[in-house]
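Listed here are the chains, written in short residue letters.
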Amino acid sequence: MATPYGGTPGTADAGELTPAATRSVHLWRHWRRYPVKVITGCGLLAFFVLLAIIGPFVAPYDPSAIGPDVLAAPSAAHLLGTTNTGQDVLSQLLVGARVTLLVGFGAAAVATAVSVIVGISAGYYAGVGGELLSMLTNIFLIIPLLPLLVVLTAFLPGAGSLIVAVVISATAWAWGARVLRAQTLALRKADFVQAARAAGERGWRIILFEILPNELAIVFSSFLFTVITAILTDAGLIFLGLGDTSQWSWGAILFWAQNNEALGTGAWWWFVPPGLCIALTGTALALINFGVDELINPSLRTAGLGRKASRAMTTEQGLTPVRRAESAELTAARGTGR
Amino acid sequence: MTAQPGLSARSPVLEIEGLCIEYGTGDGAVRAVIDVDLVLHRGEVVGLAGESGSGKSTLAYGATRLLRPPGTITGGSVVFHPDPKRPELTVDLLDAGITELRRLRWRELAIVLQSAMNALNPVLSVETQLTDTLAAHLPGSTHASRRERAADLLRLVGISPDRLRSYPHELSGGMKQRVMIAMALALEPQVVIMDEPTTALDVVTQREILQEVIELRDRLGFSVLFITHDLSLLLELADTIAVMYAGRLMEIAPARRLFAAPRHPYTAGLLASFPSLHGERRVMTGIPGSPPDLRNPPPGCPFHPRCGFAEPQCRQAMPPLAPPPGPVGWGRLVACWLQDGRADRPDEIARPEPPARPAGPVPTGQGPVQP
Amino acid sequence: MSAVDGHPPDGAALNGDRPTGATVLVARDLTKHYKVRERGLRGSVGPKRVVHAAEDISLELRAGRVSAVVGESGSGKTTLAQMLAWLIRPTAGEILLDGQRVTRRSLRAYRHRVQIVFQDPFASLNPVHDVHYHLARPLRIHRRARGRAAVDEAVEALLARVRLEPTRQFVHKMPHELSGGQRQRVAIARALAAGPSVLLADEPVSMLDVSIRLGVLNLLGDLRDTESLAILYVTHDIASARYFADTVTVMYAGRLVESGPAVEVTDHPSHPYTQLLLSAAPDPERAAPAVIKGSGAAPSLVNPPAGCRFHPRCPFAMPVCRTQRPPDVPVGPGHVAACWLRHPDHARATVHPPAGDPPA
């Protein structure tokens, strides 16, 4: 006997049609439904990335070109003023965006890759191997980052941004690895991992294809935080004079500003813009991070409702709201039902 | 108000009428409970049976206003009669304010939640938790009297009072559940709602706890609304059983009659899903398909896609909850188009009613009155 | 037994006389002890504490037969299933597949022959992979199909075998789009994909809605018949064990206490624990109200009672029960109970009545 939903009773699940979940294609269409944080953060980050891409092409002056207007306040000719040698701050900012972001994202990418390999393996392999990896992670966690970097850059030949990026990634992976190890320890006991083992899957396949896809949210979040760390560390190193001050980056601007008493002479247009850019980039990444948390864990939002609707629903002291909407049809139907 | 099973000699203590509960608002709203009428009489044990999505837990939490948003009550009433001799005290829980509900909650209406044993505060001793409850509701009591009452309560549920000083992690699952029941009975409520109180426990502990609940009911006279997916348990425990499916009530009947002569195809199917411990083994198939998605329920009777006897009218409209035809019309209600008095009903829903039991002393576990 | 569409008609007698199948898997004296991590003060030395999760379990799985293992939580039944699935290593004892001892080297071949279905349908499928991936992996690992087309065909054949039809609709569904019953069928299909002779089912239906449990159990029963699978059915529900299994083994506190033909053990239980279980199980057909014989809770597995582990709760405990572990005493054809009460040297004059009398 066929049912209107297809299938016949006797086969499993006759009459069953679970609606398909939203595929990834639809994710982009509903961007307005995303939390405010994600939209703001993405917008801000997109702005800076755009700056990094087109910066050198739209910079009005050569950032290193010395000019006659020295320590000039922002004006029509120099939108962000000039340095003590007449260099245009805006141009420096635009050109420097590229290096700063490249080093930041590049170092973070490498660090994240290392943290994934070490962290998940440390969590999955229970025996000596796992313990060793865990110990390695802990060692790198304890070592203070900045002093280590100071020592390394002092000894390494040259101090190009590539070296700095490598050094940063060599030290920033440990935190992410620890988090991933903890998560993997929990996931390892999950039934679907046991089922993969029972099916005969090899260890590395389980790590890459069973465990890692379930930890992508953490990996992504860890990556974003590592970008912030990398940018700040890079800027910090350059500011201290240990990085590459020959290339223009936001840190370099700060270095020169500091060296030439910009704070003392009140040339706020020199050090505020690069500092603000670094801070805003960090903020953008943090906003995306928190926003993505809400996206992935809908219970952090108010159960999928819009902000206005959820406020309307909460009543006194958390009692279940009562909203009787008795329509005429309903009363009539109940009348005949008796 | 339609007559409900059996215990018409007793007055109702909780009357749920036309209750409708939804999750969310607007078009995306999910109707979790639709137009449910249920009456709990004094001293009665009513079992509420259903599978996932039946709305049984939602009903319990909604009726006591414990459901969190986006759960919303969209219709009906839940009338509580604290004293049959004083009708002026009757109150509709859905209209009550927070102060009134606080007065009623726990003193008159107690609830034992699913895996309630996890509701015990792990850093407080059992004694503290019991006396806290008492202190909250009996402001004039002394510390000593509260302690004594806590000891009494533990004895009531079969735990020795020297466990008063224990912490929750020192107690087994069964003991924790008993402590929760003791807490629920602390103020001698008139109605106790239990939502799957023994699901997480092993069979032996479950049986012991349920026997204790029945003994306490016999002794103290409170009513119980017992919610579970395990119909076979209810058949031994409840006076009346209500079967829910996809948010609607499908059948209500005294337990014995429901078991011997189900009138709804879903009830018949459910009963056929529990293998017997006796007799020859026969092939049983349960019910094909699975419970519907409440976001997209089938039109008309929600059970029709899985029903072996569905007819065109089942697809069009939900049948009303009405007494089935036959000599024993009272005490039973069923929502099925097939029970319209026709002669050729399928055998599964047309079994003869069991003979009435002679009144008199009835063994424990069956309740004082059983038609 | 006449069959319609491959299933026996409703109401037909179940599990009629079946020829004894060949023994496929043998467990001998399987034991599992877990070390308890002691966080004592530095320097404190005490005896190493151990959780005796399972001890001296011996059983046989035969082709085309279902063996049920019944017990409460903490009885060791899940530990047993995991040892047989080689997901945890036994502390002692051995497993023989077709008479051969299982070793590290033969593990791959073992996995091909012995598969497991887990209890929780919501946890046993990886939420990021679709049904096709779940079924294709074992096919590829055990080289049951090569090449995209062959794998696709095999996946659809598996879905048909577990009656998830129309198969096209299910192939690319994600786990969260499936109901509990459907997921469990996918889990069974995944186990079948490896081409096993033994299927270990660890409480396969206890987390499913009541009305669909029998559908899944009947599916397992059909697979037992059509593929001559040897099925181990682990459960806490003795009624379903009686319905589905050919033999029932009862476990308590890590040990086997009774074993025999399903109907025989449930109709005439010999061990006091089995009687306790049956008197406590929900039984609407019970003639008289349930009388529980024996109270208390399951013992700690770190310091289990000496002798018979059930003696603290047993209403019939004798002095010998407190000191000596009872042997397996035959109490009927194919039916044994580990109880001193049944031993000829200690048999009591009054025989306690079996629980669960059929209604008058």
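In this text, all values refer to a predicted model and were calculated from it rather than measured experimentally.

1. Digging into the overall build of chain A
- A tally of regular secondary structure across chain A gives 13 helices and 0 strands.
- Looking at chain A as a whole, 42% of its 338 residues are labelled buried.
- Put simply, of all contacts in chain A between residues at least 6 apart along the chain, 66% involve residues at least 24 apart.
- If you sum the accessible surface of chain A, you get close to 17100 Å²; carbon and sulfur atoms cover 68% of it.

2. Side note on the overall build of chain C
- Within chain C, the regular secondary structure consists of 11 helices and 12 strands.
- For chain C, with 360 residues in total, the buried portion stands at 56%.
- Restricting the contact set of chain C to residue pairs at least 6 apart, pairs at least 24 apart contribute 65%.
- Counting every atom, chain C has about 15300 Å² of accessible surface; 52% of that belongs to carbon and sulfur.

3. Details of the packing of helix 9 (residues 216-239) of chain A against helix 10 (residues 250-259) of chain A
Residue and element names in this part refer to chain A.
- It is at 8 Å that the axes of helix 9 and helix 10 come closest, and there the two elements cross at 30°. Classed by the angle they form, the pair helix 9 and helix 10 counts as roughly parallel. Pair helix 9 / helix 10 crosses with right-handed handedness. Residues A235, I238 and F239 of helix 9 lie in contact with helix 10, whose contacting residues are G251, A252, L254, F255 and Q258.
- Among the residues making up the contact of helix 9 with helix 10, the classes are represented as 6 nonpolar, 2 polar and no charged.

4. Let's talk about the sheet that holds strand 10 (residues 255-261) of chain C
Residues and elements named next belong to chain C.
- With mixed pairing, 8 strands are arranged side by side in an open sheet as 6-7-8-3-9-10-12-11. Every interior strand has two partners, whereas the edge strands, strand 6 (114-117) and strand 11 (329-332), have only one. Shown here is a sheet whose adjacent strand axes are inclined to one another by a mean of 20°, direction ignored.
- Bridge count for strand 11 against strand 12 (residues 335-337) is 3 bridges, and the pairing is antiparallel. The partner of P330 across the bridge, within strand 12, is V336.
- Packing against the sheet, helix 1 (residues 77-84) makes contact with strand 3 (66-70), strand 6, strand 7 (198-202), strand 8 (230-235) and strand 9 (247-252), and its axis sits at approximately 150° to strand 8.

5. Regarding a positive patch on the surface
- Where like charges cluster on the molecular surface, the positive patch consists of R202 of chain A together with R108, R143 and R146 of chain C.
- Structurally, R143 of chain C can be placed in the loop between helix 3 (131-141) and helix 4 (148-161).
- On the accessibility criterion, R143 of chain C (56% relative accessible area) is exposed.

6. Concerning unusual backbone geometry
Residue and element names in this part refer to chain C.
- Omega for the bond connecting E165 with P166 falls within 30 degrees of zero, at 0°, which places this linkage in the cis form.
- Tracing the backbone through its elements, the reader meets P166 in the loop between helix 4 and helix 5 (167-171).
- The backbone of D98 shows a phi angle near 55°, a positive value even though the residue is not glycine.
- Residues other than glycine seldom take positive phi values, yet E203 does so here, at roughly 45°.

7. Brief notes about the interface of chain C and chain A
- Counting residues at the interface gives 32 residues for chain C, matched by 24 residues for chain A.
- Summing both partners gives a buried area of about 2400 Å² for chain C against chain A, and 47% of it is carried by carbon and sulfur.
- Of all residues in chain C, L87, N126 and E177 of chain C bury the most surface against chain A, accounting for 20% of the area lost on that side.
- A salt bridge links R137 of chain C to E201 of chain A; the shortest N-O distance between them is 2.8 Å.
- Going through the elements one at a time, helix 2 (107-113), strand 6, helix 3 and helix 6 (180-193) of chain C are the ones with two or more residues in the side of chain C that touches chain A.
- Among the elements that take part in the side of chain C that touches chain A, helix 3 of chain C stands out by supplying 4 residues, more than any other.
- In terms of residue class, the side of chain C that touches chain A is built from 12 nonpolar, 10 polar and 10 charged.

8. Brief notes about the pattern of salt bridges
- Following the criterion strictly, the structure yields 35 salt bridges over all chains and no others.
- The residue E88 of chain B makes a salt bridge to R86 of chain B at a minimum N-O spacing of 3.3 Å.
- Linking R309 of chain C and E55 of chain C is a salt bridge whose minimum nitrogen-to-oxygen distance equals 3.0 Å. Taken together, the positions of R309 of chain C in the loop between helix 10 (272-280) and helix 11 (319-323) and E55 of chain C in strand 2 (residues 50-62) put the pair 254 residues apart, joining distant regions of the chain.
- Counted as one network, the salt bridges with shared partners bring together E251, R257, R263, R332 and E353 of chain B.

9. As for helix 3 of chain C
- Among the 11 residues that make up helix 3 of chain C, 10 are buried, leaving the element largely enclosed by the rest of the structure.
- When we look at burial in helix 3 of chain C, the residues that qualify are V131, H132, Y133, H134, L135, A136, R137, P138, L139 and I141 of chain C.
- Contacts made by the buried residues of helix 3 of chain C are with helix 7 (191-199) and helix 8 (203-211) of chain A together with helix 2, helix 4, helix 5 and helix 6 of chain C.
- Once helix 3 of chain C ends, the next one or two residues include R143 of chain C, with phi positive near 55°.

10. A word on the confidence of the model for chain C
Residues and elements named next belong to chain C.
- Across chain C, pLDDT averages 85, with 88% of residues at or above 70.
- Across residues 1-13 the pLDDT falls below 50, and counting only partners more than four positions away or on other chains, this stretch makes 22 contacts in the model.
- Note on residues 353-360: pLDDT is under 50 here. Beyond four places in sequence and across chains, it has 16 contacts.
- Reported for the predicted complex are a pTM of 0.82 and an ipTM of 0.82.

11. What to know about the interface of chain C and chain B
- Tallying the contact residues gives 49 residues for chain C and 39 residues for chain B.
- Between the two partners, chain C and chain B, sit 0 salt bridges.
- Put simply, the parts of the chain that give the side of chain C that touches chain B at least two residues each are helix 7 (210-227), helix 8 (238-244), helix 9 (262-267) and helix 10 of chain C.
- Top element by residues in the side of chain C that touches chain B is helix 7 of chain C. It accounts for 7 residues.

12. A word on the nonpolar core
- Counting 104 residues, the largest nonpolar core has L38, L59, L231 and I241 of chain B as its most contacted members.
- Sorting elements by how many residues they give to this core places helix 5 (residues 173-185) of chain B first, with 7 residues.
- Counting 76 residues, the second largest nonpolar core, distinct from the first, contains L277 of chain B together with V250, A253 and F316 of chain C.

13. Some words on the packing of aromatic side chains
- Applying the stated criterion to the full structure yields 16 aromatic pairs over all chains.
- Each ring, one from W268 of chain A and one from W269 of chain A, has its centre 5.8 Å from the other, and the planes form 80°; the classification is edge-to-face.
- Look at W269 of chain A and you get buried, because its relative accessible area is 8%.
- Residue placement shows K32 of chain C over the ring face of Y34 of chain C; its charged tip is 5.2 Å from the ring centre.

14. Digging into the side chain of Q190 of chain B
Residue and element names in this part refer to chain B.
- Residue placement: Q190 occurs in the loop between helix 5 and strand 7 (191-195).
- Since its relative accessible area comes to 18%, Q190 is described here as buried.
- In this structure Q190 touches V13, R42, F80, H81, P82, R107, E108, F222 and S223, once residues within four positions along its chain are discounted.

15. Re a nonpolar patch on the surface
- Taken together, the side chains of V49, L50, I53, I54, F57 and V58 of chain A define a hydrophobic patch exposed on the protein surface, amounting to about 560 Å² of accessible area.
- Within the fold, V49 of chain A resides in helix 2 (residues 36-58).

16. Notes on the state of the cysteines
- Tallied over the full model, the rule gives 0 disulfides over all chains.
- No disulfide involves C301 of chain B; its sulfur sits 6.1 Å from that of C314 of chain B, the nearest cysteine.
- Of all cysteine sulfurs in the structure, the one in C308 of chain C sits closest to C321 of chain C, which takes part in no disulfide; the separation is 6.0 Å.

17. Here's the deal with the environment of E353 of chain B
All names here are of chain B.
- With respect to the secondary-structure elements, E353 resides in the segment after strand 11 (333-334).
- Linking E353 and I193, residues 160 residues apart in sequence, is a C-alpha distance of 29 Å.
- Side chain to side chain, E353 and R257 meet in a polar contact 2.8 Å long.
- In terms of polar contacts, E353 uses its side chain to reach the side chain of R332, at 3.0 Å.

18. Focus: the environment of G104 of chain A
Residue and element names in this part refer to chain A.
- By the element assignment, G104 lies in helix 3 (residues 89-124).
- Separated by 54 residues in the primary sequence, G104 and L50 place their C-alpha atoms 15 Å from one another.
- Setting aside its immediate chain neighbours within four residues, G104 contacts V227, A230 and I231.

Criteria and cut-off values
Residue positions are given per chain, counting from 1 as you read along its sequence in written order. Working convention: letters from A go to chains and numbers from 1 go to ligands, in the order in which they are written. In keeping with the model being predicted, local features are shown solely for residues with a pLDDT of at least 70 and side-chain atom pairs are shown and tallied solely at 80 or more, while totals for entire chains, interfaces and linings include all residues. Note that the side-chain values use all heavy atoms of the structure and ignore hydrogens as well as water. Helix numbering and strand numbering both begin at the N terminus, where a helix is a DSSP run of H or I of at least 4 residues and a strand a DSSP run of E of at least 2. Whether a residue is buried, partly exposed or exposed follows from its accessible area with a 1.4 Å probe, protein chains only, as a fraction of its type maximum: under 20%, in between, or over 50%, in that order. In this description, contact between two residues means that some pair of their heavy atoms is separated by no more than 4.5 Å. To be clear on the numbers: accessible area is Shrake-Rupley with a 1.4 Å probe, and residue cover counts the displayed protein chains and nothing else. Note on definitions: angles span 0 to 180 degrees between N-to-C directions of axes, and those axes are lines fitted to C-alpha atoms, for helices only across the stretch in contact. Relative orientations are named as follows: roughly parallel for angles under 35 degrees, roughly antiparallel for angles over 145 degrees, roughly perpendicular for angles from 65 to 115 degrees, and oblique for any other angle. Two helices that cross are described as forming a left-handed crossing if the nearer one is turned anticlockwise from the farther one by less than a right angle, and a right-handed crossing if clockwise. Under the scheme applied here, ten amino acids are nonpolar (Ala, Val, Leu, Ile, Met, Phe, Trp, Tyr, Cys and Pro), four are charged (Asp, Glu, Lys and Arg), and all others, including Gly, are polar. Paired strands, as defined in this entry, are two strands with at least two bridges between them according to DSSP. Residues enter a patch when their relative accessible area is above 30% and they make no salt bridge; the linking distance is 9 Å between like charges and 5 Å between nonpolar side chains (Val, Leu, Ile, Met, Phe, Trp, Tyr). We count a salt bridge whenever a side-chain nitrogen from Lys or Arg sits within 4 Å of a carboxyl oxygen from Asp or Glu. For the purpose of charge, His is not counted, nor are the chain termini; Lys and Arg are scored as positive and Asp and Glu as negative. In this description, the location of a charge corresponds to atom NZ of lysine, CZ of arginine, CG of aspartate or CD of glutamate. Buried area: the sum, over both parts, of the accessible surface (1.4 Å probe) that disappears when the two are put together. Here pLDDT means the predictor's own confidence in every residue, given as a number from 0 to 100. To qualify as a nonpolar core, a set must consist of buried Ala, Val, Leu, Ile, Met, Phe, Trp, Tyr and Cys residues joined through side-chain atoms within 4.5 Å. Each Phe, Tyr or Trp ring (for Trp, its six-membered ring) is paired with any other whose centre lies within 6.5 Å, and the angle between the two planes then decides the class: stacked below 30 degrees, edge-to-face above 60, tilted in between. Only lysine NZ and arginine CZ atoms are considered, and such an atom sits over a ring when it is within 6 Å of the ring centre and within 35 degrees of the ring normal. Counting rule for disulfides: a pair of cysteine sulfur atoms within 2.5 Å. For this analysis, a polar contact is any N or O atom pair within 3.5 Å, provided that within protein one partner can donate a hydrogen and the other can accept it, and provided that sequence-adjacent residues contribute only side-chain to side-chain pairs.

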